[in-house]
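Spelled out from the first residue to the last, the chains are:
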Amino acid sequence: MKERKDRVAQMHLPAGYQMEHDPDDLWGDARVIVNIGPTHPAMHGALRMVAKLNGETIEKSYCEFGFTHRAKEKLGENRTFHNFIVYTDRLNYCSALINNVTYVRAVEKLMGVEVPDRCIWIRMICCELARITDHLICVGINAVDLGAFSFFLYGFHQREEAYTLIEKLCGARLTTSYPRVGGLMADAPEGFEKELKAWVLKTREVIDEMDELLTNNKIWLKRTVGISVFDKEKCLQYSYTGPNARAAGIDIDLRRDQPCMFYKDVEFDVPISQNGDVYDRYMIRIAEMRQSLNILSQCADRIKKGSIWTEDKRVRIPDKDIVHNTMEGMIYHFKFFMTGFDVPEGEAYTQFEAANGELGFYIVSKGSPRAHRMRIRGPSVWHYQGLTPMVEGEKIADMVAGLGSINVIAGELDR
Amino acid sequence: METFDWIATGAKIAFLVVILLQVVPIMSWVERRGSALMQNRLGPNRLGPLGLFQAIADAIKFIWKEDSIPSHVIPFYYFIAPLVSFVPSFITFAVIPFASSISIDGHVVHFQVADLNVGLLYVFSVASLGVYGIIMAGWASNSKYTMLGALRSASQMISYELSMGLSVVGIIMCFSSVKLGDIARQQGELLTHLGPFVIPSSFHIPKWGIFVQPLGFLIFLISVFAETNRLPFDLPEGESEIVAGYHLEYGSMKFAMFMMAEYLNMTTASGLLATLFFGGWQLLPGMGFLLHGFQNIFNLSSMACEWTRIFFEIASFGIKVVFFMWFFVWVRWTLPRFRYDQLMDLGWKVMLPLSLANIGVTAAFAYYGWI
């Protein structure tokens, strides 16, 4: 018993530690340093914040990341361009398809490969589906952190339905690895457009329902309006992009500003808000989901039958029929997957409006089947840097709301 | 006390204890299935009919889990804390009447374990003991998050106890008694006038607490949510903010005791809501007809008649309690959580002035003889 007491006493003050006393600061000793994370339930993924608390107010804090570092960029230099597609799934795993598409577009840009229209339309559908799943999970988890569990599950069901659609495309739900350099793993199944449209209709209803449940709730407003504000200036300082920047009044959306794929040809709005608080980020995401649904229904209308593979022989994966029936096909197939295809010398940066913000792949090639340098710009890195100034002087509960609203995904943050 | 009284009291205690101990597993099932119903999912449905045996499985699991003790706790308080929060939640129910009285061989038996002359005061004093368990748990666990949880709950429960106590003062004024038995009995009378306005005789409604003290009811309802640490006021636990709050370092049965205390507190709060504002054991509208019909059809003897009446009263009290228990679940899965300082603002700047105003208005009404 006594021993235990001693141990307790030691825990408060380690041996040789001298407490610094400011004689004028009556409450100096009231500060407590709390480790929030990396296993804290509010930390989405393994993130760590060390906070100095005065009561429940965060006076000072710093954020740490890297707990799930897997050296993705280095892996990119050791895997063939084709092999690396699976690694991009694990960046932002809430919207894996966007990463896949952006990566293969980066490689295609280096090689100068053009893909047929149907392929592009399907890729656009993938991106928008992924964006909706990402936003659904973001607003949902943000609400869970603030105690509104039902709201989360409303959206989560529809997210599962979206994954069922994705499963129909590529057979996987979370880690999709669907696009290939120069094409897609498989064509969309018969009647996919119809199912997509039905899903779009249902999701519209669900989002309206979610909106009704939470948006005007007094407690929700109290917890989110004016909380964790990151204004325009701060957003520019910290290179915020995506919904977080748009919530603070920065009018950027790479889909509109640097149109790629067929984003020029579809109509959509870019919702902007001015305050940059948790509520605005939530509203922006809700509005963006509606815009994505608009894009999806346009895509479903305009998608035509056709090939999903480029004619470029360098990257085209040979059809199974040729592989199984001809010697040349077999050898080509073997060479394709074992050594990969050569990418001409050069460097390219390809960016795309991912669900979180600007996702970029910077690839330097020296003419081999492996990248010489690979660099990934994950928006979460920049967003997470801003957490410390964002929550300074706020309560722990506000920090939880703030972190949930900027949608930091550990996979993309640590890479 | 005579032998008969001892036996009667023992029987009543046994009845209540058995019922209350059943409430915990049933409520945990209701909570899961209820939330599943609201969230468009199934909930536990594997074990037994409708997953009812899930609660038994949970109990077995809790009992057989290793009773691990973290090395950094202060043992005595760490062990005693679950008990300190569990026992008060259990004994509050002693003063809540769950039916009227019956006379057996000339002895009048009240269906209430103890009709204390300080009834409501007893309720509040015992209910506020519960916070000691939470503070002890938070302190003895010797961890920062538990400490934060304990501090939150201490300030929350103390603040809301004020408005909760004051909101009931109006009821005490209306019924001129703090004995819960009296309060329940008087609610069977008819409400003949609403303030200065006389209600025509065909529109008479029972004099339930909610009709004479609507504001008091609202304040009391919100306060008991805070007192029982349920959403939207579950800040002491606040799993996303301070992990699990005061019971973070507890496992196995010790954790289960905190959970049981929470559900029992809910039951007590529902019992109080029913007794103070919804007529307690007074029959629900329509149940009187049912009772008379029942008695006439079966042509019961006078003693059997009495027991049927008691049965109907217990049932009617039970229905009211069950409704409020469901209400607790309903609110929990609908609303987000308050922030700590907003909760305090609500408690001190809104609830307290409102409850004081309620007392003032009630006093004025009582002075003019309108109540």
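Throughout, residues of each chain are indexed from 1 in the direction in which the sequence is written. In the order they appear in the text, chains get letters beginning with A and ligands get numbers beginning with 1. It should be noted that, the model being predicted, local features are given only for residues of pLDDT at least 70 and side-chain atom pairs only at 80 or more, the latter also being counted only at that level, while totals for whole chains, interfaces and linings use all residues. With hydrogens and water stripped out, all remaining heavy atoms of the structure feed into the side-chain values.

### Remarks on the interface of chain B and chain A
How big an interface is tends to be reported as the loss of accessible area on association of its parts. How we decide: The contact definition used throughout considers only heavy atoms, calling two residues in contact when any of these lie within 4.5 Å. The quantity reported as buried area is the accessible area (1.4 Å probe) lost by two parts once they are put together, taken as the sum for both. A pairing counts as a salt bridge when a side-chain nitrogen of Lys or Arg comes within 4 Å of a carboxyl oxygen of Asp or Glu. Under the rule applied, a polar contact is a pair of N or O atoms within 3.5 Å (in protein, one hydrogen donor and one hydrogen acceptor; residues adjacent in sequence only if both atoms are side-chain atoms).
Taken together, the contact pairs 28 residues of chain B with 37 residues of chain A. Of the roughly 3000 Å² buried where chain B meets chain A, counting both sides, 59% is carbon and sulfur surface. Our count for the chain B to chain A interface comes out at one salt bridge. Put simply, D398 of chain A and R339 of chain B hold a salt bridge, and the shortest N to O gap is 2.9 Å. There are ten residue pairs in polar contact (both at pLDDT 80 or more) connecting chain B and chain A.

### A closer look at the sheet that holds strand β8 (residues 371-377) of chain A
Residue and element names in this part refer to chain A. To keep things clear, this is the line we draw: DSSP bridges decide pairing: two strands pair if at least two such bridges lie between them. Counting from the N terminus, the helices are DSSP H or I runs at least four residues long and the strands are E runs at least two residues long. Axis lines are fitted through C-alpha atoms, for helices just across the contact stretch, and the angle between N-to-C directions can take any value from 0 to 180 degrees.
Read across the sheet, three strands follow the order β6-β7-β8 without closing on themselves; strand pairing throughout is antiparallel. Single-partner strands in this sheet number two, and they are β6 (346-353) and β8. For this sheet, the mean angle separating the axes of adjacent strands, direction not counted, is 10°.

### Re the sheet that holds strand β1 (residues 31-36) of chain A
All names here are of chain A. What the three strands build is an open sheet, ordered β1-β2-β3; its pairing is antiparallel. Unpaired on one side and paired on the other, β1 and β3 (57-64) mark the two borders of the sheet. Taking each pair of neighbouring strands and ignoring which way they run, the sheet shows an average axis angle of 20°. Sheet topology note: the strand β2 (residues 48-54)/β3 ladder contains seven bridges and is antiparallel. Its bridge partner lying in β3, M49 is registered against C63.

### Here we look at the nonpolar core
The condition that has to hold: Throughout this description, the term nonpolar core refers to a set of buried Ala, Val, Leu, Ile, Met, Phe, Trp, Tyr and Cys residues connected via side-chain atoms within 4.5 Å. Partly exposed residues are those whose accessible area sits between 20% and 50% of the maximum for their type, while under 20% is buried and over 50% is exposed, using a 1.4 Å probe and protein chains only.
Judged by nonpolar contacts, the single largest core of 91 residues is most densely connected at Y103 and Y263 of chain A. The biggest single contributor to this core is helix α5 (residues 117-145) of chain A, with 14 residues. Once residues lying within four places of it in the same chain are set aside, the contact partners of Y263 of chain A are M124, C127, E128, R131, R255, F268, I295 and F352 of chain A. Core analysis: the next-biggest nonpolar cluster, separate from the first, contains 77 residues, A94, L221, F324 and M351 of chain B among them.

### Topic: the packing of α5 of chain A against helix α12 (residues 278-302) of chain A
For any two helices packed against each other, one specifies the inter-axial angle together with the distance between the axes. Residue and element names in this part refer to chain A. Rule in force here: For classification, angles of less than 35 degrees are called roughly parallel, those exceeding 145 degrees roughly antiparallel, those between 65 and 115 degrees roughly perpendicular, and all remaining angles oblique. Rotating anticlockwise by less than a right angle from the far helix to the near helix defines a left-handed crossing, while the corresponding clockwise rotation defines a right-handed one. In this classification, the charged set is Asp, Glu, Lys and Arg, the nonpolar set is Ala, Val, Leu, Ile, Met, Phe, Trp, Tyr, Cys and Pro, and all remaining amino acids, among them Gly, are polar.
The geometry of α5 relative to α12 is characterised by a closest axis approach of 9 Å and an angle of 155° between their N-to-C directions. Overall, the two elements α5 and α12 adopt an arrangement that is roughly antiparallel. Crossing of α5 over α12 shows left-handed handedness. Taking contact as the criterion, the partners of W121, M124, I125, E128, L129, R131, I132, H135, L136, C138, V139 and N142 in α5 are, on α12, V278, Y282, R285, E288, M289, S292, L293, I295, L296, C299 and R302. The class makeup of the residues in the contact of α5 with α12 is 15 nonpolar, three polar and five charged.

### Some words on the environment of G170 of chain B
Residues and elements named next belong to chain B. Mapped onto the fold, G170 is located in helix α5 (residues 144-175). Residue G170 is classed as buried on the basis of its relative accessible area, which comes to 0%. Sequence spacing of G170 and L215 is 45 residues, and the spatial spacing of their C-alpha atoms is 9.4 Å. Dropping the residues within four chain positions of it, G170 is found in contact with Q213 and T362.

### Some thoughts on the pairing of strand β2 (residues 107-110) of chain B
All names here are of chain B. Pairing between strand β1 (residues 101-104) and β2: four bridges, direction antiparallel. Note on β2: the bridge partner recorded for S101 is H110. Here β1 folds back onto β2 in antiparallel fashion, the turn holding two residues, of which D105 has a positive phi close to 50°.

### What to know about the state of the cysteines
Residue and element names in this part refer to chain A. Quick note on the threshold: Note on terminology: pairs of cysteine sulfur atoms within 2.5 Å are recorded as disulfides.
The tally for this structure, following the rule as stated, stands at zero disulfides over all chains. C170 carries a free sulfur, and the closest cysteine sulfur to it, the one in C126, is 7.4 Å from it. Using a relative accessible area of 10% as the deciding quantity, one classes C170 as buried.

### Comments concerning the domain arrangement of chain A
All names here are of chain A. Our working rule: Those domain boundaries reflect an automatic or database domain assignment.
Each assigned domain of chain A is listed here: domain 1 (2-64) and domain 2 (72-414). The C-alpha-based centres of domain 1 and domain 2 are spaced at 38 Å. Facing the 18 residues of domain 1 at the interface are 19 residues of domain 2. Summing the contributions of domain 1 and of domain 2, the shared interface buries around 1500 Å²; its carbon and sulfur component is 66%. Three residues, H44, L47 and I58, lead the burial of domain 1 against domain 2; their summed loss comes to 37% of the area buried on that side. For the interface between domain 1 and domain 2, the tally reads zero salt bridges.

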